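# Structural description and commentary
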Amino acid sequence: MLKKIISILTLFLITAGSIYAQKEQYNWLFGFNAGLSWNAFRSVGATGVYGTANATLTGLPAQRTGSALQTYEGCFSTSDANGNILFYSDGITIWNKNNQEMVTGLTGGPSSAQSGIILPYPETPGKYIAVTLDKDNSNNLSYTVVNMSLNGGLGGADPAFTNVSLTGQSGALGESVFAVRHTNKEDFWIVAPGRTTTTSYLNVWKVTSAGVQASRHSVATVAIGFTSLGANGYLKFTTDGLHYAWADFLTGRLVYGDFNPTTGTITNVKIRNTYALFPSNPNRAYGVEFSSSGKYLYLTYAPGSLNTNQVSGLVVYDFAALLATSTPNSINPVKTIANPLSLSDGVTDHFGGIQLGPDGRIYITRFSSTGMFVITNPETPTTMNIYKLLNFLPGNGYWGLPNFAAPWFRMELTPPANAESCANVSATFQLSIIPGMGLSNVSRIVIDFGDGGTTTYNSPLSSLYSFPHTYNKPGIYTITITAYNATGGVEISTSSTMTINSCVMRVNPQVSVRAGT
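Below is a summary of the structure that appears in this document.

Scoring rules and cut-offs
Residues numbered from 1 in each chain as written. Predicted model: local features only at pLDDT ≥ 70, side-chain atom pairs only at ≥ 80, totals over all residues. Heavy atoms only, no water. Helix = DSSP H or I, 4+ residues; strand = E, 2+ residues; numbered from the N terminus. Buried < 20%, exposed > 50% of the residue type's maximum accessible area, 1.4 Å probe, protein only. Pairing = 2+ DSSP bridges. Axes fitted to C-alpha atoms, helices over the stretch in contact; angles between N-to-C directions. Core = buried A, V, L, I, M, F, W, Y, C linked by side-chain atoms within 4.5 Å. Contact = heavy atoms within 4.5 Å. Salt bridge = Lys/Arg side-chain N within 4 Å of Asp/Glu carboxyl O. Lys, Arg positive; Asp, Glu negative; His and termini not counted. Polar contact = N/O pair within 3.5 Å; in protein donor to acceptor, adjacent residues only side chain to side chain.

Of note, C422 is situated in strand 32 (residues 419-422). For the pair formed by C422 and K473, sequence separation is 51 residues and the distance between their alpha carbons is 8.6 Å.

Cis geometry marks the peptide bond from S459 to P460, where omega comes out at 5°. If you trace the backbone, P460 turns up in the loop between strand 35 (454-458) and strand 36 (464-469). Phi is positive for N99, which is not a glycine, with a value near 65°. Owing to a relative accessible area of 26%, N99 belongs among the partly exposed residues under this scheme. Here N391, not a glycine, exhibits a phi torsion of approximately 50°, which is positive. By the secondary structure assignment, N391 is in the loop between strand 30 (386-389) and strand 31 (410-414).

The next point concerns the sheet that holds strand 32. Pairing within the open sheet is mixed, and its five strands lie in the order 32-38-37-34-35. Two strands bound the open sheet, and with one partner strand each, they are strand 32 and strand 35. Between one strand axis and the next, the sheet turns through 25° on average, direction left out of account. Relative to strand 38 (residues 490-501), strand 32 runs parallel, the two sharing four bridges. Its bridge partner being in strand 38, C422 is matched across the sheet by N501.

The next point concerns the nonpolar core. If you look at the biggest cluster of nonpolar residues, it comprises 37 residues, and the most contacted ones within it are L119, I129, V131, L141, I190, F237 and I266. Among the elements that line this core, the one with the most residues is strand 15 (residues 188-195), at five residues. Beyond its immediate chain neighbours, meaning those up to four positions away, L141 contacts V131, T132, L133, V164, S165, L166, L173, V177, I190, A192 and W205.

On to the pairing of strand 2 (residues 34-49), then. Where strand 1 (residues 27-30) meets strand 2, four bridges bridge the pair, whose relative direction is antiparallel. When the sheet's bridge partners are listed, L29 is paired in strand 2 with G35. Remark: three residues form the turn of the hairpin made by strand 1 and strand 2, two consecutive strands paired antiparallel; G31 in that turn has positive phi of roughly 60°. With seven bridges joining them, strand 2 and strand 3 (residues 55-63) adopt antiparallel strand pairing. When the bridges of strand 3 are listed, F41 appears paired with P61. Taking the residues that link successive antiparallel strands as the turn, the strand 2-strand 3 hairpin has five residues, and the phi of Y50 there is positive, at about 55°. Pairing geometry for strand 2 and strand 30, over three bridges, is antiparallel. Bridge pairing in strand 30 links T47 to K388.

A few words on the sheet that holds strand 22 (residues 265-272). Judged by pairing direction, the sheet is antiparallel, and its four strands sit side by side in the order 19-20-21-22 without closing on themselves. For this open sheet the edge positions go to strand 19 (235-237) and strand 22, each flanked by a neighbour on one side alone. Looking at each pair of strands side by side, their axes are set apart by 20° on average, direction ignored. The pairing of strand 20 (residues 243-247) with strand 21 (residues 254-260) spans five bridges and is antiparallel. Residue pairing for strand 21: A247 is matched across the bridge by L254.

Side chains carrying opposite charge are able to pair once their charged atoms draw close together. Across all of its chains, the model carries five salt bridges by this definition. Across the salt bridge formed by D349 and R366, the nearest N and O atoms sit 3.0 Å from each other. Separated by 17 residues along the polypeptide, D349 in the loop between strand 26 (335-339) and strand 27 (351-356) and R366 in strand 28 (residues 362-366) bring together distant segments of the chain. A residue is classified by how much of its surface remains accessible, and D349, at 0% relative accessible area, is buried.

Inspection of the secondary structure puts K270 in strand 22. Of the buried charged residues, K270 lacks a salt bridge, with D258 as the closest side chain of opposite charge at 7.2 Å. Within polar-contact distance, the side chain of K270 engages the backbone oxygen of L323 at 2.5 Å. Excluding anything up to four places from it in sequence, K270 contacts L254, V255, Y256, L322, L323, A324, T325, S326 and P328.

Before going further, it helps to examine the environment of H243. Along the polypeptide, H243 turns up in strand 20. Spatially, the C-alpha atom of H243 lies 7.4 Å from that of Y256, the residues being 13 residues apart in sequence. Residues within four places of H243 in sequence aside, it is in contact with K236, F237, T238, G257, D258, F259, F319 and L323. Polar side-chain contacts of H243 include one of 2.9 Å to the side chain of D258.

The structure is reproduced here in structure tokens:
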């Protein structure tokens, strides 16, 4: 028995040693065969624009070649914890890491702003949920379960859960969808705007370890209507999941407010009308992104068609000011760029989609080209450093960039729940800290072994800790790991059990053993 227990513990320790960092967003595949990867880096000579001096930028992502994507807008992808691509999609077809079709015929579309999003299946390693949605007023929000154990580890769709409809929505769904973490850090909320000619809605569905709850969970009313239920813009949430912003492409309005990631309810809905800088192109509000801190909201005004000289632009708002005001139209941007008024090389200098990178920079598609724009200091927009990167991509980018659900950081203890060991035998434990949302707030992590013993690790934190612990008595112990912020609040807590056996070999005193018998 003891030999078996030791073997089990050794196996788990070897397995856990390979889990160091969360890099699920390290591979971007978008546009027509365009791709970037943060698994390797390069230095690039960058052209400063709008008052920024030219510079050589270091630590920029490498090109990622081989993508099968050919999409103007919607796309999404996911990678494993080591940054290795698992699969990617345009909302219709999912390709595996070898750029081979895994499944096709899903309900997304290449002209849907956010044709889908990937989220990990709660509490089920190796499974993912692909949410897909087509353009305009398609009203076909669906999900498909992807199981990475299929097809020799290349992954495949579960035929029993392919294109399963989400139901109960208000308004016609199309173009915009996002997913945000529940406060328990395991479950998710799926959010999708629904539109009518008089009123709009923000619909919410819940995802748990039991699966996607197909019937809608909650809804918030938005007091705007649409003369056309056509193209739409992006929906994004802050990294803490407490706030959202949605760009209405057809009228240029910005809808934003508060979200409760515990209850899945949207409140404090506010609307800011089109910014007056763009009177010749009052619509086309498209890309939405928050700075890492959530303090600033970035909004792009994109062209409505290819090869056009329509005005595009970028505005940046102090998001706290937008939230606090009762008159949103009175809040002007802290930074405004009109494009291509001061740039000379034509339609390829239009802004498109906008996305925060794993490196903290903000990237913007340079419309219909192999170039991009990058903002290196998104937390200080009034002194913005913005650069044009020529021939940055292996293919053309257009409007869209990949849609990602922001995962919360995790803590994993090895041995895992329900493991066994022996009393009075020192067991080696390992704590893996897997980065994500909320980790920057953590000041210390405390491990309570359930027998009165504790271990504390203070910031700055490492990704892996190894330490011994000895239980003196048999029993079942609850091990609790708690991450605290600087004010003593709990960021996240997780627990598991450990069974401690006596492992003492009992001897019958009535049996004598003699040499030679």
